[in-house]
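# Fold and contact review
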Amino acid sequence: MIHYPRTIALLPYTRPPMIETAPEIWLLGSSYDSARISAEQGAAFAFAQFFGNADCEQALRIYCENFQPSQLNEQPHSLAAVLVICADTEEEANRLATSTDLFFLSLGKGSLLPAFPSVDTAMNYPYTENDLAQIRGARHKRIVGTPHRVKEEILKLNEAYKADEIMVVSPIHDIPARIHSYRLLAEAFELQG
């Protein structure tokens, strides 16, 4: 039996926000096929470099070479989304990255964890030698380190990718550490006012 509330509060009507322009249409992908589809549609293309199995540089090249102008865009517009974990020291950055390592290791095994693991969970996980080899192999897709090192790596990637924009994703379990990572990165790029 369904029970309905005895009273229903009616909220006053409020006008929805109005904007002058329509939102940009982007295709988010992590493969060569998604790069090609985005190019054929004339959409902007965001490549999820940190979990894609495809090479970001090649995917963005495929997108640019196959781009067909459309009502959406006259020219290609690309973005590379990179995973960055920035901390005051290399040791702390690598410690924070362990939860990301475990999350993507589990995802690669076809097992989506119910929540993003803490550093303690990741540090105490019973890794096999094969697990550790997979983690080492996946680290090349991530930028982990101090602000100086992270900035250097992002600039190097941008030179190789030739993307119009770089988006940073920092999946750090500890929220204050995640905010600190973004602050350090903003300071390194002199983005703070």
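Positions within a chain are numbered from 1, following the residues in the order the chain's sequence is written. It should be noted that, the model being predicted, local features are given only for residues of pLDDT at least 70 and side-chain atom pairs only at 80 or more, the latter also being counted only at that level, while totals for whole chains, interfaces and linings use all residues. Only hydrogens and water are set aside; all other atoms, that is, all heavy atoms of the structure, feed into the side-chain values.

### Focus on the overall build of the protein
A run of DSSP states H or I qualifies as a helix once it reaches four residues; a run of E qualifies as a strand once it reaches two. Both are numbered from the N-terminal end. Helix and strand counts for the protein stand at seven helices and five strands. Taken from the N to the C terminus, the helices and strands of the protein come in the order β-α-β-α-β-α-α-α-β-α-β-α. For the protein, whose C-alpha radius of gyration is 21 Å, the value lies well above the compact-globule estimate of 16 Å for 193 residues. For the C-alpha atoms alone, the extent of the protein along its principal axes is close to 55 × 55 × 40 Å. A contact between two residues is defined here by any heavy atoms of the two lying within 4.5 Å. Put simply, 61% of the contacts in the protein that link residues at least 6 apart link residues at least 24 apart. All accessibility values rest on the Shrake-Rupley procedure with a 1.4 Å probe; residue burial counts only the protein chains present in the view. About 12,600 Å² of surface is accessible on the protein, with carbon and sulfur atoms providing 55% of the total. Between the averaged position of the 16 positive side-chain charges in the protein and that of its 24 negative side-chain charges there is a distance of 6 Å. Just to be clear, the radius of gyration here is over C-alpha atoms, and the globule rule we use is 2.2 Å times residues to the power 0.38. By the counting scheme adopted, Arg and Lys are positive, Glu and Asp are negative, and His together with the chain ends is not counted. For the purpose of locating charges, the reference atoms are NZ of Lys, CZ of Arg, CG of Asp and CD of Glu.

### Considering the pairing of strand β1 (residues 26-29)
Where β1 meets strand β2 (residues 44-48), four bridges bridge the pair, whose relative direction is parallel. Its bridge partner being in β2, W26 is matched across the sheet by A44. Handedness rule for crossovers: strands pointing away from the viewer, path from the first strand over the helix to the second running clockwise, crossover right-handed. For the crossover that starts at β1, traverses helix α1 (residues 32-41) and ends in the parallel β2, the hand is right-handed. Only strands joined by at least two bridges in the DSSP assignment are considered to pair.

### Things to note about helix α3 (residues 90-108)
For an α-helix the count is 3.6 residues per turn, leaving residues at separations of three or four pointing the same way. Here α3 is 19 residues long and its end C-alpha atoms lie 26 Å apart, about the 27 Å a rise of 1.5 Å per residue gives. We define the bend at each residue as the angle formed by axes fitted to the 7 residues ending at it and the 7 residues starting at it. Its maximal kink placed at A97, α3 deviates by approximately 30°. Any residue under 20% of the maximum accessible area for its type is buried, any over 50% is exposed, and the rest in between are partly exposed; the area is computed with a 1.4 Å probe on protein chains only. Inspection of α3 places A93, L96, A97, T98, S99, T100, D101, L102, F103, F104, L105 and S106 among the buried residues, and these make up the whole buried set. Helix span is expected to be 1.5 Å times the residue number reduced by one.

### What about the environment of A188?
Looking at the secondary structure, you find A188 in helix α7 (residues 175-188). Residues A188 and T146, 42 residues apart in the sequence, show an inter-C-alpha distance of 9.6 Å.

### Overview of the packing of aromatic side chains
Put simply, two rings from Phe, Tyr or Trp (the six-membered ring, in Trp's case) pair if the centres are within 6.5 Å, and we call them stacked under 30 degrees between planes, edge-to-face over 60, tilted for the rest. Counting across every chain of the model gives seven aromatic pairs. With centroids separated by 5.4 Å and ring planes inclined at 35°, the aromatic side chains of F45 and Y63 adopt a geometry described as tilted. With F45 in strand β2 and Y63 in helix α2 (residues 56-66), the pair connects residues that are 18 residues apart, well separated along the chain. Exposure class is identical for F45 and Y63. Each is buried. Consider the rings of F103 and F116, whose centres lie 5.2 Å apart with planes at 40°: the pair is tilted. Placement of the pair is F103 in helix α3 and F116 in the loop between α3 and α4 (119-123), with a sequence separation of 13 residues. When its relative accessible area of 17% is taken as the criterion, F103 is described as buried. Taken together through their ring pairs, the aromatic side chains of F45, F47, Y63 and F67 make up a single cluster. Between K151 and the ring centre of F189, over which it is positioned, the NZ or CZ distance is 5.5 Å. Placement of a charge over a ring requires the Lys NZ or Arg CZ to be within 6 Å of the ring centre, with the centre-to-atom vector within 35 degrees of the ring normal.

### Things to note about the pairing of β2
Buried residues dominate β2, accounting for five of its five residues. The alternating pattern of β2 places A44, A46 and A48 and F45 and F47 on opposite faces, both of which are buried. In this sheet, strand β3 (residues 78-86) lies alongside β2 in parallel orientation, the contact comprising four bridges. Within the sheet, the bridge partner assigned to A46 lies in β3 and is L79.

### Regarding the pattern of salt bridges
Any two side chains of opposite charge can pair, on the condition that their charged atoms come close. Within this document, salt bridges are pairs made up of a side-chain nitrogen of Lys or Arg and a carboxyl oxygen of Asp or Glu, the two lying within 4 Å of each other. The tally for this structure, following the rule as stated, stands at seven salt bridges. A salt bridge links R36 to D33; its shortest N-O distance comes to 3.9 Å. One end of the pair is R36 and the other is D33, both in helix α1 and three residues apart, which spans about a single turn. Look at R36 and you get partly exposed, because its relative accessible area is 33%. We note a salt bridge from R142 to D101, for which the minimum N-O separation is 3.3 Å. Of the two residues, R142 is situated in strand β4 (residues 142-145) and D101 in helix α3; the sequence distance between them amounts to 41 residues. Beyond isolated ion pairs, a larger network of salt bridges with shared partners links D101, R139 and R142.

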